[in-house]
Structure formats: C-alpha cells, structure tokens
Amino acid sequence: MAANCDVCGKKPSFGHSISHSHRRTKRRWNPNIQRVKALVGDAGVTPKRLNVCTSCLKAGKVKR
C-alpha cells in the first residue's frame, strides 16, 4: 500500500538516521495511513475505500 493520503495528499518525508558516532543512513517517515470506507461523491452517498491519514480523520475531513 502506498503511504499517500487520498484527502490531503500527505506523503512520506525523507531524511537521515544519525547514529551515536554520527554516521548517516537514509530513512523515511511514513504518515499514519488508515484504510477506511468513506462516503464520497457529489451527494456523499457512494461508499468507497480510501487511504486517509489520521490527522484528516481527526479533523473530520472524511465522512465515514
């Protein structure tokens, strides 16, 4: 599953993991993506499965 939010478009961010000896290795931070059944469409009656981040769920941007 891709770590992209279908509502806000949030994607993974990239950076380095730095050890105690200050060696750098690449890593990524994924958003907290949940697969939910939401009501979409013009009238908001069509149920569809979406990948939504938890910040959008908490903000009420998705009608479940």
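Structural data are supplied above this passage.
Residues numbered from 1 in each chain as written. Predicted model: local features only at pLDDT ≥ 70, side-chain atom pairs only at ≥ 80, totals over all residues. Heavy atoms only, no water.

Student: Outline the pairing of strand E1 (residues 13-18), supporting the account with residue identities and numerical values.
Tutor: Relative to strand E2 (residues 24-29), E1 runs antiparallel, the two being bridged by 6 bridges. In the sheet register, Ile18 faces E2, and the bridge partner there is Arg24. In this structure, the hairpin formed by E1 and E2 is closed by a connection of 5 residues, where His22 is found at a positive phi of approximately 70°. (Pairing = 2+ DSSP bridges. Helix = DSSP H or I, 4+ residues; strand = E, 2+ residues; numbered from the N terminus.)

Student: Go over the environment of Ala38, please, and point to the residues and values.
Tutor: Tracing the chain through its elements places Ala38 in strand E3 (residues 33-40). Classification of Ala38 as buried rests on a relative accessible area of 1%. Taking C-alpha positions, Ala38 is 6.2 Å from Arg49, a pair spaced 11 residues apart along the chain. Beyond its immediate chain neighbours, meaning those up to four positions away, Ala38 contacts Thr46, Pro47, Lys48, Leu50, Val62, Lys63 and Arg64. (Buried < 20%, exposed > 50% of the residue type's maximum accessible area, 1.4 Å probe, protein only. Contact = heavy atoms within 4.5 Å.)

Student: Break down the nonpolar core for me, citing the residues and quoting the values.
Tutor: Considering soluble globular proteins, one finds that nonpolar side chains tend to be buried as a cluster. Counting 9 residues, the largest nonpolar core consists of Cys5, Ile33, Val36, Ala38, Leu50, Val52, Cys53, Cys56 and Val62. Mapped onto this core, the elements with two or more residues apiece are E3 and strand E4 (46-53). (Core = buried A, V, L, I, M, F, W, Y, C linked by side-chain atoms within 4.5 Å.)

Student: Residue-level account of the pairing of E4, with values.
Tutor: In this sheet, E4 lies alongside E3 in antiparallel orientation, the contact comprising 8 bridges. Within the sheet, the bridge partner assigned to Leu39 lies in E4 and is Pro47. Connecting the antiparallel pair E3 and E4 is a turn made up of 5 residues, with Gly41 showing a positive phi of about 105°.

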